[in-house]
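Notes for the structure review
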Amino acid sequence: MKAVILAAGYGTRLQRDVENDKTERFKHLLGIAKPLLPVGHCALISHWIKSMTATGCVDTIFVVTNALYFEDFQAWAQEFPNVKILSDGTKTNEERLGAVACLQLTVKHFSVEDHVIVVGGDTLFKEDFSLLKFTGRFSEHQAKHADANLVLSYQCKEEETSKYGILEVDADMRVSCMKEKPCPSETQSRKACPCFYLFSKGSLSLLDVFLNEKKNAPIEERDAPGTFLSWLILRKPVYVHEISGRFDVGNLPSYIECDQYFKDRVQDINVYLH
């Protein structure tokens, strides 16, 4: 099994918050890519690398970033021999390819022919999440259907549905559809879906089909990784594995909350997420 960490974003909201922070307590974060931000006792992305390596679930981890941060990621990755860094070639947010195109670029560049865990580079979970349980559940679904895929969900508040992709599932926890940022009245579901997917190798081949269909569409229709997931749900079986919650480091308050949680609650990074 392989993993792809999506790290080609420019973190414009967070950088703007840091620049406008009058306390200047966080000015040391200026110019740092979100996945490389210090969270607890190491970089945010390092939590994933250590977990995936320690559990043995993944043999190679690909990190796709942009040309602006490429050298920073190369320097960080020196510590991890199983990590390979790829640049999408862009230097500004306006040039960005979008997360789905970055995933396709990685799969093609490294000739990936395996199941792939896809992780948002600004995402972490609470300590109840188990990578071994997640991949074990994937294997159970694979035994029944070779093209099965597995995603995560957690219960969000009613007023939060308009912020996230919301999954609707059947009695077998198979996803029937994903509604993108719906009003609470548009769905009875409160199952928010973070960017952490396990795509079967058969499903990855559909990236080309999806992007070809969207080649003339605005980038918003192929930027967020959830756009591909929503499309895939109608074509391949996608199941849900439930967790208690997640951290999405999008702005300064969410970074502070995540960093404090890991400092207070996650003392041993070598066992986190096992």
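None of the values given here were measured: they were computed from a predicted structure.

Some details on the pattern of salt bridges
- Tallied over the full model, the rule gives 14 salt bridges.
- Ionic pairing is found between Lys-2 and Asp-59, a salt bridge with its closest N-O pair at 3.2 Å. Residue Lys-2 is found in strand β1 (residues 2-6), and its partner Asp-59 is found in the loop between α2 (44-55) and β4 (60-65); the two are separated by 57 residues along the sequence.
- On the accessibility criterion, Asp-59 (44% relative accessible area) is partly exposed.
- A salt bridge links Lys-263 to Asp-259; the shortest N-O distance between them is 3.1 Å. Taken together, the positions of Lys-263 and Asp-259, both in helix α9 (residues 252-265) and four residues apart, correspond to about one turn of that helix.

A few points about α9
- Taking 1.5 Å per residue, 14 residues should reach 20 Å; α9 reaches 20 Å between its end C-alpha atoms and fits that length.
- Burial in α9 covers these residues: Leu-252, Ser-254, Tyr-255, Cys-258, Asp-259, Tyr-261 and Phe-262.
- Those residues of α9 hidden inside the fold are in contact with α1 (12-20), β2 (38-39), α2, β7 (123-125) and β14 (246-248).

Examining the nonpolar core
- Formed by 56 residues in total, the largest nonpolar core has its most connected members in Val-63, Phe-73, Trp-76 and Phe-196.
- Apart from the residues lying within four places of it in its own chain, the contact partners of Trp-76 are Leu-36, Ala-43, Ile-45, Ser-46, Ile-49, Val-63, Val-83 and Ile-85.
- Counting 34 residues, the second-largest nonpolar core is a separate cluster that includes Val-100, Leu-103, Val-118 and Tyr-197.

Considering the UniProt feature "domain: Nucleotidyl transferase" (unreviewed entry) in the protein
- Within this numbering scheme, the UniProt entry marks residues 2-260 as carrying the feature "domain: Nucleotidyl transferase" (unreviewed entry).
- Each end of residues 2-260 is marked by a C-alpha atom, and these two atoms are 30 Å apart; helix forms 31% of the span and strand 23%.

Concerning α1
- Burial in α1 covers these residues: Leu-14, Gln-15 and Val-18. Within α1, the buried residues cover an arc of 95° as seen down the axis, which keeps them to one side. Residues of α1 that are exposed and point more than 90 degrees away from the buried face comprise Glu-19 and Asn-20.
- Looking at the buried positions of α1, the neighbouring elements they touch are α9.

Considering unusual backbone geometry
- The phi angle at Glu-24 is positive, at roughly 60°, despite the residue not being glycine.
- Positioned with a positive phi, Met-173 is a non-glycine residue whose angle comes to about 65°.
- In this structure, Met-173 sits in the loop between β9 (165-169) and β10 (175-180).

Digging into the state of the cysteines
- Scanning the entire structure with this criterion turns up zero disulfides.
- Cysteine Cys-177 shares no disulfide, and the gap to the nearest cysteine sulfur, in Cys-193, comes to 12 Å.
- Looking at Cys-177, the relative accessible area reads 22%, which means it is partly exposed.
- No disulfide involves Cys-195; its sulfur sits 8.2 Å from that of Cys-193, the nearest cysteine.
- Among the residues examined, Cys-195 registers a relative accessible area of 12% and is labelled buried.

Basis of the calculations
- For every chain, the first residue of its written sequence is number 1, and the numbers climb from 1 along that sequence.
- In view of the model being predicted, local features appear only for residues whose pLDDT reaches at least 70, and side-chain atom pairs are presented and counted only at 80 or more, with totals across whole chains, interfaces and linings using the full set of residues.
- Heavy atoms throughout the structure, all of them, feed into the side-chain values; hydrogens and water do not.
- Salt bridges are defined as contacts in which a side-chain nitrogen from Lys or Arg sits within 4 Å of a carboxyl oxygen from Asp or Glu.
- Comment: elements are numbered from the N terminus, with helices defined as DSSP H or I runs of at least four residues and strands as E runs of at least two.
- Classification of residues uses two cut-offs on accessible area relative to the type maximum, computed with a 1.4 Å probe and protein chains only: under 20% is buried, over 50% is exposed, and between them is partly exposed.
- Here a helix's expected span is defined as the number of its residues, less one, multiplied by 1.5 Å.
- Contact criterion: two residues are considered in contact whenever any of their non-hydrogen atoms come within 4.5 Å of each other.
- Among buried residues, the Ala, Val, Leu, Ile, Met, Phe, Trp, Tyr and Cys ones that are joined through side-chain atoms within 4.5 Å form a nonpolar core.
- UniProt positions are given in the numbering used here, feature names are shortened, and annotations may be inferred rather than shown by experiment.
- To be clear, the arc concerns the directions from the helix axis to the C-beta atoms.
- In this description, a disulfide is simply a cysteine sulfur pair whose atoms lie within 2.5 Å.

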